[in-house]
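Now for the letters of each chain:
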Amino acid sequence: MLCAETSQKNIWSAGWRDPDWASYTLGVFICLSCSGIHRNIPQVSKVKSVRLDAWDDAQVEFMTSRGNHVARAAFESKVPPFYYRPSASDCQLLREQWIRAKYERQEFTHPERQEPYSAGYREGFLWKRGRDNGQFLSRKFVLTEREGALKYFNRSDAKEPKAIMKIEHLNATFQPAKIGHPHGLQVTYLKDNSTRNIFVYHEDGKEMVDWFNALRAARFHYLQVAFPGAGDADLVPKLSRNYLQEGYMEKTGPKQTEGFRKRWFTMDDRRLMYFKDPLDAFARGEVFIGSRESGYTVLDGLPPSTQGHHWPHGITIVTPERRFLLACETESEQRAWMEAFRKVVDRPMLPQEYAVEAHFKHKP
């Protein structure tokens, strides 16, 4: 559905798939989902149904003179290239804070209001899940673009950080369902060439989204230095990434004689990781998924002699070294995983990905 928050089109015609709602004070057409967010800022946006509510001539004339194109030019004139523009599939928090940033706080018409995420330095307290006990405890976090790192401290007066996460290898993605909090953010980084997960949240939604965009800003400026010839269009897709696929599958060991065990799998670009629990700090194992040209394929089903799996819908991942046998509980989950694997296998490998592959091959 076309919407002021996600679409580039400006429409007011029965011939289009029009959104069913509009803000008659802002002059924009919005979808049902975004209309609920607009209703929460009545001092800025007042909402009506396009089809069910009565419209007077002055309101219709105002909508005709404005529309999504004009409003976008007015309210998004100075969006930083690193700022995350949510899509309809993103979580409620990202969509709500985008709308509030645009219309309520007008951050993209007044650049000085962007300082919380554009200053190159940020510190504050976030609730972080403990690696071993699973409890969320308040921890001090410091993001410093000059050092190219995100740090956190176990005590506010500690001189040395508990962890230093290099911006070069850092990713952040909102995971409210997994973390169990609507503002839950998963941050991953490489520690000794293995993926380390930390899970954080803040009760203030703006605070959490500001942290997210500050991390993206730091990544953006790092990549600008690392790839001086690249334009914004090349760099922005590399600032943060959502996982291609996540969920439970069964797996067996390298000898393929062990029983199948249920594990939580995460497909992060070319890294397939599996965990005993979705909120584990470290994966039990990681598999590199290369390209078809390098000898990687994905097959529907399991070898006929396979035993020990409880779930009926199998997947075989063929790598140059070995075969990985997996099983899904439902056919729809199998299809989703197959699609994710094939998307990666069909994509040619980048030069730097060969170095990552080499590291996986030499893992003990």
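Residues numbered from 1 in each chain as written. Predicted model: local features only at pLDDT ≥ 70, side-chain atom pairs only at ≥ 80, totals over all residues. Heavy atoms only, no water.

- By the naming in an unreviewed UniProt entry, the protein chain is Arf-GAP with dual PH domain-containing protein 1 isoform X3, taken from Delphinapterus leucas.
- The UniProt entry for the protein chain carries this comment under Subcellular location (unreviewed entry): "Cytoplasm". (UniProt positions renumbered as here; feature names shortened; annotations may be inferred.)

1. Notes on the UniProt feature "domain: PH" (unreviewed entry) in the protein chain
- Mapped onto the present numbering, the UniProt feature "domain: PH" (unreviewed entry) falls on residues 119-220 and 242-346.
- Secondary structure across residues 119-220 comprises 20% helix and 45% strand; the distance between its end C-alpha atoms is 13 Å.
- Structurally, residues 242-346 is divided into 14% helix and 38% strand, and its ends, taken at the C-alpha atoms, are 19 Å apart. (Helix = DSSP H or I, 4+ residues; strand = E, 2+ residues; numbered from the N terminus.)

2. Notes on the domain arrangement of the protein chain
- Looking at the assigned domains, one finds that the protein chain contains domain 1 (21-112), domain 2 (115-238) and domain 3 (245-362).
- The C-alpha centroid of domain 3 is placed 42 Å from the C-alpha centroid of domain 1. (Domains from an automatic or database assignment.)

3. A word on the layout of surface pockets
- Within this model, the largest pocket holds a volume of roughly 1100 Å³.
- What lines the largest pocket is a set of 31 residues, among which Glu 168, Arg 219, Arg 241, Asp 269 and Gln 352 lie closest to the centre.
- Among the elements of the structure, strand E9 (185-191), helix H7 (205-226) and helix H10 (351-361) are those that each provide at least two residues to the lining of the largest pocket.
- Two domains each donate at least three residues to the lining of the largest pocket, and these are domain 2 (115-238) and domain 3 (245-362). (1 Å grid on protein atoms, 1.4 Å probe; cavity = no way out; pocket = protein on both sides within 12 Å on 5 of 7 lines; lining within 4 Å. Points joined across faces, edges and corners; volume = space filled by probe spheres on them.)

4. Quick look at the nonpolar core
- By size, the foremost hydrophobic cluster in this structure holds 55 residues, and its most contacted members are Phe 141, Leu 150, Met 165 and Phe 174.
- The greatest single-element share of this core, amounting to ten residues, is contributed by H7.
- Mapped onto the domain boundaries, this core takes at least three residues apiece from domain 1 (21-112) and domain 2 (115-238).
- Not counting chain neighbours up to four residues away, the residues in contact with Phe 174 comprise Cys 91, Leu 93, Leu 94, His 183, Gly 184, Leu 185, Met 208, Val 209 and Phe 212. (Core = buried A, V, L, I, M, F, W, Y, C linked by side-chain atoms within 4.5 Å. Buried < 20%, exposed > 50% of the residue type's maximum accessible area, 1.4 Å probe, protein only. Contact = heavy atoms within 4.5 Å.)

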